[in-house]
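What follows is the residue order along each chain.
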Amino acid sequence: MAVRQGTRLKELIEQLLLAAWFEQAASEPAERPLVDATAVARDALAAARVAHPGRELVLVGREALPVRAAPDAVLQILGNLLDNAAKYSPDHGPVRLEATRFGPMAVLAVEDAGPGVPGADRERIFERFTQLDSGATRRAGGVGLGLYIARQLSQTQGGELLVTDTTPPGLGARFELRLPLAGPSPAPVLAYAASRR
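Since the structure is predicted, the reported quantities are computational estimates derived from the model, not experimental observations.

> Describe the environment of L179, listing the residues and the values that go with them.
Following the sequence through the fold, L179 ends up in strand β7 (residues 174-180). Among residues more than four places away in sequence, those in contact with L179 are V67, A69, V74, P104, M105, A106, Q157 and G159.

Written out as structure tokens, the structure reads:
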């Protein structure tokens, strides 16, 4: 119990420091490398499988999706979303990570089998220290900074993070990280994918 509490306290401090950094960060965007968003999604799913053994975690999509983004930032965003999906889904409920194109955007979407997000709360959940009042929320714990940090990180990468309807509607929640596609440039993309295997 002491180890668990210590780990939670460490995570809380890290989240608070990240939130404070966003408040003070310079407005000029940093130069971002060209990476394959699908390869980053594979890494995020591999980490989630270690963190949530026994959970059914599925990656849908094999096409390379070149974007200009910091891999660590995308990993943290997807890590937050996958952790939330695993916590809010019923025991052994599936979690799906989808990597697809939608027009000029790469879309990395996390779908769970949980209670979903009511339409009236779809913006409020991205505010600091906000949690929906439910038994699942109380069971999952946390302080309501994960989605705030994920959205702020998505904006630093030139993207956006939002909640959309699942297919069919009403079955769980679907969070989409949308990043602008950078166009074909295979060498840097493949270099990243090879370095992460």
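And the narrative resumes.
> I'd like a description of helix α2 (residues 37-51), backed by residues and values.
With 15 residues, α2 extends 21 Å between its outermost C-alpha atoms, agreeing within 8% with the 21 Å of an ideal straight helix rising 1.5 Å per residue. Between the side-chain oxygen at the start of α2 and the backbone nitrogen of T38 there is a gap of 3.0 Å, and the oxygen is on D36.

> With reference to specific residues and values, describe helix α5 (residues 146-156).
Burial runs high along α5: 8 of the 11 residues are buried. Of all the residues in α5, the buried ones are G146, L147, Y148, I149, A150, R151, L153 and S154. In the stretch just after α5, G158 is the one whose phi turns positive, near 75°.

> Residue-level account of the confidence of the model for the protein chain, with values.
Looking at the protein chain as a whole, its pLDDT mean stands at 77, while 64% of the residues score no less than 70. Looking over the protein chain, one finds the lowest element-wise mean pLDDT in helix α6 (residues 186-195), namely 40, and the highest in strand β5 (residues 105-111), namely 96. Considering only residues more than four positions removed or in separate chains, one finds that residues 24-28, a stretch of pLDDT under 50, has 0 contacts. Across residues 185-197, confidence stays below pLDDT 50; counting only partners more than four residues off in sequence or on other chains, it has 17 contacts.

Procedures and definitions
- Residues numbered from 1 in each chain as written.
- Predicted model: local features only at pLDDT ≥ 70, side-chain atom pairs only at ≥ 80, totals over all residues.
- Heavy atoms only, no water.
- Helix = DSSP H or I, 4+ residues; strand = E, 2+ residues; numbered from the N terminus.
- Contact = heavy atoms within 4.5 Å.
- Expected span 1.5 Å × (residues − 1).
- Polar contact = N/O pair within 3.5 Å; in protein donor to acceptor, adjacent residues only side chain to side chain.
- Buried < 20%, exposed > 50% of the residue type's maximum accessible area, 1.4 Å probe, protein only.
- pLDDT = per-residue confidence, 0-100.

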